Amino acid sequence: EAGVTQSPTHLIKTRGQQATLRCSPISGHTSVYWYQQALGLGLQFLLWYDEGEERNRGNFPPRFSGRQFPNYSSELNVNALELEDSALYLCASSLYSARTGEFFGPGTRLTVL
Amino acid sequence: QKEVEQNSGPLSVPEGAIASLNCTYSDRGSQSFFWYRQYSGKSPELIMSIYSNGDKEDGRFTAQLNKASQYVSLLIRDSQPSDSATYLCAVNTRRSGGYQKVTFGIGTKLQVIP
């Protein structure tokens, strides 16, 4: 069974640009979670999608947004990139919505120059 | 006070010893608790989940939850060098209306010395 996949692996952008990150959950999983892991800050909860709808978001500005498609894959968009957005962005999926997302993807390393 | 607190370590234990990792949380309404292992440069891997007070054992791992003290711990018996990693504590809090908040601790770095 394929695990959670994320693309791209690495992304380099300049300040002010937009970044789009993609995630495909494990087949059958309907819940997708996005996290930001910046150096020294630990994992920060970004967004939670379940059954195509945004269920909750963490303490991030509105320029962090996303969506979940009918096939449960998900996209994270970051507009007006700032230097401090440089981090590893992790996607996790779960069969049950009452979890944190048990299965993590390999992540997308976003670097903002 | 941080919502989920962990000592960042490093915690060094000799091979074969018991490693004890601790986590405290501030929200008394939290219901679900998870331990993840993260190797350097890799994504987190779920190793244990616990939902009710008491102990839960899975192989060499035991998770302990004390909701009254707002404390969750992970014990690793017969520690191996391959257990050297950062261990993340995560707390899930759900409220009415479908609200759900997931908070991770900073992680404790464990070093198992051969």
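Everything in this summary refers to the structure shown in the same document.

Rules used in this analysis
Residues numbered from 1 in each chain as written. Chains lettered and ligands numbered in written order. Predicted model: local features only at pLDDT ≥ 70, side-chain atom pairs only at ≥ 80, totals over all residues. Heavy atoms only, no water. Helix = DSSP H or I, 4+ residues; strand = E, 2+ residues; numbered from the N terminus. Rg over C-alpha atoms; globule rule 2.2 N^0.38 Å. Buried < 20%, exposed > 50% of the residue type's maximum accessible area, 1.4 Å probe, protein only. Contact = heavy atoms within 4.5 Å. Areas by Shrake-Rupley, 256 points an atom, 1.4 Å probe, with all protein chains shown as cover. Lys, Arg positive; Asp, Glu negative; His and termini not counted. Charge placed at Lys NZ, Arg CZ, Asp CG, Glu CD. Pairing = 2+ DSSP bridges. Salt bridge = Lys/Arg side-chain N within 4 Å of Asp/Glu carboxyl O. Polar contact = N/O pair within 3.5 Å; in protein donor to acceptor, adjacent residues only side chain to side chain. Nonpolar A, V, L, I, M, F, W, Y, C, P; charged D, E, K, R; others polar. Axes fitted to C-alpha atoms, helices over the stretch in contact; angles between N-to-C directions. Core = buried A, V, L, I, M, F, W, Y, C linked by side-chain atoms within 4.5 Å.

## Quick notes on the overall build of chain A
Right, on to step 1. A tally of regular secondary structure across chain A gives zero helices and 11 strands.
Right, on to step 2. Listing every helix and strand of chain A by position from the N terminus yields β-β-β-β-β-β-β-β-β-β-β.
Right, on to step 3. In terms of overall dimensions, chain A is globule-like: its C-alpha atoms have a radius of gyration of 13 Å, near the 13 Å expected for 113 residues.
Right, on to step 4. Considering only C-alpha atoms, chain A reaches an extent of 35 × 25 × 25 Å along its principal axes.
Right, on to step 5. Buried residues in chain A amount to 50% of all 113 residues.
Right, on to step 6. Counting contacts in chain A only where the partners sit at least 6 residues apart, residues at least 24 apart contribute 54% of the total.
Right, on to step 7. Of the roughly 5300 Å² that chain A leaves accessible, carbon and sulfur atoms contribute 50%.
Right, on to step 8. When the 9 basic and 10 acidic side-chain charges of chain A are each reduced to a single mean position, those positions are 7 Å apart.

## Describing the pairing of strand S7 (residues 64-68) of chain A
Residue and element names in this part refer to chain A.
Right, on to step 1. Of the strand pairs in this sheet, S7 and strand S8 (residues 74-78) are connected by five bridges, and their pairing is antiparallel. Paired with Ser65 across the bridge in S8 is Asn77.
Right, on to step 2. Counting the residues in the hairpin turn of S7 and S8 gives five residues, including Tyr72, whose phi is positive at 75°.

## Remarks on the interface of chain A and chain B
Right, on to step 1. Opposite the 21 residues of chain A that make contact, chain B presents 19 residues.
Right, on to step 2. Our count for the contact surface shared by chain A and chain B stands at zero salt bridges.
Right, on to step 3. Summed over the shared surface of chain A and chain B, the number is two residue pairs in polar contact (both at pLDDT 80 or more).
Right, on to step 4. Where the side of chain A that touches chain B is concerned, the elements lending two or more residues are strand S4 (31-38), strand S5 (42-50) and strand S6 (53-57) of chain A.
Right, on to step 5. No other element matches the four residues that S5 of chain A contributes to the side of chain A that touches chain B.
Right, on to step 6. Considering only residue class, the side of chain A that touches chain B consists of 10 nonpolar, eight polar and three charged.

## Things to note about unusual backbone geometry
Right, on to step 1. Of note, the bond from Ser7 of chain A into Pro8 of chain A is cis; its omega dihedral lies within 30 degrees of zero at -10°.
Right, on to step 2. Relative to the helices and strands, Pro8 of chain A is located in the loop between strand S1 (5-7) and strand S2 (10-13).
Right, on to step 3. The omega angle of the peptide bond from Gly9 of chain B to Pro10 of chain B is 10°, so this bond is cis rather than trans.
Right, on to step 4. A positive phi angle, close to 50°, is found at Glu51 of chain A, a residue other than glycine.
Right, on to step 5. Tracing the chain through its elements places Glu51 of chain A in the loop between S5 and S6.
Right, on to step 6. On the basis of relative accessibility, which here comes to 45%, the residue Glu51 of chain A falls in the partly exposed class.
Right, on to step 7. The backbone of Asp78 of chain B shows a phi angle near 50°, a positive value even though the residue is not glycine.
Right, on to step 8. For Asp78 of chain B, the location among the structural elements is in the loop between strand S8 (71-76) and strand S9 (85-94).

## Re the sheet that holds S8 of chain A
Residue and element names in this part refer to chain A.
Right, on to step 1. Pairing is antiparallel across the open sheet formed by four strands, whose spatial order is S1-S3-S8-S7. Two strands bound the open sheet, and with one partner strand each, they are S1 and S7. Within this sheet the neighbouring strands show an average axis-to-axis angle of 15°, counted without direction.

## Things to note about the nonpolar core
Right, on to step 1. Counting 23 residues, the largest nonpolar core has Trp35, Val72, Leu74, Ile76 and Tyr87 of chain B as the members making the most contacts within it.
Right, on to step 2. Counting residues per element, the ones that place at least two in this core are strand S3 (19-25), strand S4 (32-38), strand S5 (45-50), strand S7 (61-66), S8, S9 and strand S11 (108-113) of chain B.
Right, on to step 3. Within the second largest apolar cluster, 22 residues are counted, among which are Val4, Cys23, Leu76 and Val112 of chain A.

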